Amino acid sequence: MRILVTGGAGFIGGEIVRGALARGEAVRVLDSWRTDVHAASAALPDGAEGLRGDVRDADALDRALEGVDVVCHQAAKVGLGVDLQDSPDYASSNVVGTAELIAAMARARVGRLVIASSMVVYGEGAYRDAAGARRRPAPRTEADLAAGRFDPRDPASGHPLVPDLVDEDDALDPRNVYALTKLAQEHLAGAWARATGGRAALLRYHNVYGQRMPRDTPYAGVAAIFRSSLAAGEAPRVFEDGAQRRDFVHVTDVASANLAAADRLAALPDGSARAYNIGSGAVTTVGQIAAGLARAMRGPDPIVTGEYRLGDVRHITASSARARAELAWTPRIPLETGLAEFAAAQPAGANP
Ligand code: UD1
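The rules behind each value
- Residues numbered from 1 in each chain as written.
- Predicted model: local features only at pLDDT ≥ 70, side-chain atom pairs only at ≥ 80, totals over all residues.
- Heavy atoms only, no water.
- Pairing = 2+ DSSP bridges.
- Helix = DSSP H or I, 4+ residues; strand = E, 2+ residues; numbered from the N terminus.
- Axes fitted to C-alpha atoms, helices over the stretch in contact; angles between N-to-C directions.
- Left-handed = near helix turned anticlockwise from the far one by under 90°.
- Contact = heavy atoms within 4.5 Å.
- Nonpolar A, V, L, I, M, F, W, Y, C, P; charged D, E, K, R; others polar.
- Near = heavy atom within 4 Å.
- Polar contact = N/O pair within 3.5 Å; in protein donor to acceptor, adjacent residues only side chain to side chain.
- Areas by Shrake-Rupley, 256 points an atom, 1.4 Å probe, with all protein chains shown as cover.
- pLDDT = per-residue confidence, 0-100.
- Buried < 20%, exposed > 50% of the residue type's maximum accessible area, 1.4 Å probe, protein only.
- Phe/Tyr/Trp six-rings, centres within 6.5 Å; stacked < 30°, edge-to-face > 60°.

J.: I tried to follow the sheet that holds strand 6 (residues 126-128) on my own but got confused; where do I start?
T.: Sheet strands line up and pair through hydrogen bonds in the backbone, either parallel or antiparallel. One open sheet holds the three strands; their spatial order is 7-6-8, and the pairing between them is antiparallel. What marks the edges here is a single partner per strand, and that holds for strand 7 (134-135) and strand 8 (162-164).

J.: What is the right way to read the packing of helix 6 (residues 222-231) against helix 8 (residues 286-296) from this model?
T.: Each pair of packed helices gets described by two things: the angle between the helix axes and the distance between those axes. It is at 10 Å that the axes of helix 6 and helix 8 come closest, and there the two elements cross at 35°. Helix 8 is crossed by helix 6, and the crossing has right-handed handedness. Judged by residue contacts, Val-222, Ala-223, Phe-226, Arg-227 and Leu-230 of helix 6 engage Val-286, Ile-289, Ala-290, Leu-293 and Ala-294 from helix 8. For the contact of helix 6 with helix 8, the per-class residue count stands at nine nonpolar, no polar and one charged.

J.: Got a minute to help me understand the site of the ligand in this structure?
T.: As a matter of local geometry, the ligand sits amid 22 residues, with Ser-118, Val-222, Phe-239, Arg-246 and Asp-312 nearest to it. A distance of 2.6 Å is found between an oxygen atom of the ligand and a backbone nitrogen or oxygen belonging to Val-222. Within the contact set of the ligand, an oxygen atom lies 2.8 Å away from a side-chain nitrogen or oxygen of Arg-309. Within the complex, 89% of the 740 Å² of free accessible area of the ligand lies under protein. Breaking the shell around the ligand down by element, the ones donating at least two residues are helix 6 and strand 11 (237-238). No other element matches helix 6, which puts three residues into the shell around the ligand.

J.: What's the story with the confidence of the model for the protein chain in this structure? I'm lost.
T.: Low pLDDT marks stretches whose predicted atomic positions should not be read closely. Within the protein chain, residue pLDDT values average 93, and 96% of them lie at 70 or more. Overall, residues 348-352 carries pLDDT values under 50, and its contacts beyond four positions in sequence, including any with other chains, amount to 16 contacts.

J.: Quick question: what am I supposed to make of the pairing of strand 14 (residues 272-278) here?
T.: Regular strands have side chains that alternate between both faces of the sheet. A large share of strand 14 lies buried, amounting to five of its seven residues. Of the pairings in the sheet, the one linking strand 9 (residues 199-205) to strand 14 comprises seven bridges and is parallel in character. Looking at the pairing, Leu-202 lines up with Ala-275 of strand 14.

J.: Whenever I open this one, the packing of aromatic side chains confuses me. Can you help?
T.: We describe a pair of aromatic rings using the distance from one ring centre to the other and the angle between the two ring planes. Summed over the entire model, instances satisfying the criterion amount to three aromatic pairs. Each ring, one from Tyr-209 and one from Phe-248, has its centre 6.5 Å from the other, and the planes form 65°; the classification is edge-to-face. Within this pair, whereas Tyr-209 is found in strand 10 (residues 207-209), its partner Phe-248 is found in strand 13 (residues 248-250), the two being separated by 39 residues in sequence. When sorted by exposure, Tyr-209 lands in the same class as Phe-248, which is buried. Ring geometry for Tyr-209 and Phe-342: centres 6.0 Å apart, planes at 90°, overall edge-to-face. Taken together, the residues Tyr-209 in strand 10 and Phe-342 in helix 10 (residues 335-344) connect sequence positions 133 residues apart.

J.: How should unusual backbone geometry be read in this particular structure?
T.: Trans is the prevailing form of peptide bonds, just as negative phi is the prevailing case for residues other than glycine. Of note in the backbone geometry, Trp-33 takes a positive phi value of approximately 50° without being a glycine. Locating Trp-33 in the fold gives a position in the loop between strand 2 (26-31) and strand 3 (49-52). Here Arg-109, not a glycine, exhibits a phi torsion of approximately 55°, which is positive. On the basis of relative accessibility, which here comes to 75%, the residue Arg-109 falls in the exposed class.

J.: Help me out: how do you make sense of the environment of Asp-46 in this one?
T.: Checked against the element boundaries, Asp-46 lands in the loop between strand 2 and strand 3. A relative accessible area of 76% places Asp-46 in the exposed class. For the pair formed by Asp-46 and Arg-18, sequence separation is 28 residues and the distance between their alpha carbons is 9.3 Å.

J.: Where do I start with the sheet that holds strand 4 (residues 70-73) in this structure?
T.: Taken together, seven strands build an open sheet; the order of strands is 3-2-1-4-5-9-14 and the sheet is parallel. Edge strands, defined here as strands with exactly one partner in the open sheet, are strand 3 and strand 14. Strand-to-strand twist in this sheet, taken as the mean axis angle between neighbours without regard to direction, amounts to 20°. Sitting on the sheet, helix 5 (residues 177-196) is in contact with strand 4, strand 5 (112-118), strand 9 and strand 14, with an inclination near 160° to strand 5.

J.: Help me understand helix 6 in this model?
T.: For an α-helix the count is 3.6 residues per turn, leaving residues at separations of three or four pointing the same way. By the criterion of burial, helix 6 is predominantly enclosed, with seven of the 10 residues buried. Regarding helix 6, the residues found buried are Ala-223, Ala-224, Phe-226, Arg-227, Ser-228, Ser-229 and Leu-230. For helix 6, the secondary structure elements touched by its buried residues are strand 10, strand 11, strand 13, helix 8 and helix 10. One or two positions beyond helix 6, positive phi appears at Gly-233, with a value near 80°.

Next comes the structure, spelled out in structure tokens:
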């Protein structure tokens, strides 16, 4: 099988490239090597064919898609962004880029697509109230956040709701510009599948971490931010009260999910797009990640600052049961092992 990995020089794309090469696949990369996203010097492993180009460039896509069986679309602008001035770049990179990709795939008659989506499409996670009923709370108000009331509450009783797992059939509720662009990518993939008879897998990644995670950019994930602070001898700064729940999934497990999805697409009905949550299945908190990294790096204890970011969700954890059942995918790296390796690894720079 020949795989095209868009964004294959990046953190997650690069791991998919290495995983696919290890399986003996033919791998082509289309990457813009944008310096605001990852190291301009990010090298491809031996055996991968690299093309420099932007996914918004139709000619670059036409060249990249020649002879390709399946596309893993990872090229995107990630993270929450600095402020609303980032919106046009998110929309252009993620939405226009994917629109160009599906148009080019239709021209080249490539019929299989794996899309990097995100848990952010669900917005605030799922909860249960005191009676056990399932609830999807409204965004937290700034007044509540400023007063340190971080947990979504039952408007009737005022009691905090109890976090639960979201699954793929839960309602989608993107709450920031990035989330909206990820949902748009999913819908574009669906429209492409219906119009061409192609098949798409929409992989909703949880918080991905791993050795080559970018750092020192406003778009870096919290694990990389904590590691950079500790490497500089500073305490990790934990926002809110540190009890916000996430699921940190190792990048090699995310790569294997992409390859499992690429394999299993053939079994989906023509013209379908199917979503899969991709998490480790282990619920953790941001405070636990900070403490674990501080221990592993023998650094200062984390400081819980009470700061908050508007647009952050409080708790988001997913059931990845569908991916395990339908993709025959099993995450292999326990958080403890992954964090120890991550703590020991040399951080990758955002810029050369
Ligand atoms: C992350 C990804 C997003 C992905 C989503 C999937 C990043 C930047 N964001 O969003 O692309 O779609 O997972 O679930 O990789 N925090 C601190 N201290 C800091 C920075 C952040 O405590 O210095 C807290 C935040 O307030 C938040 C948590 O850490 O509660 C996670 O933040 P972040 O790593 O930005 O990830 P998500 O918002 O979960």
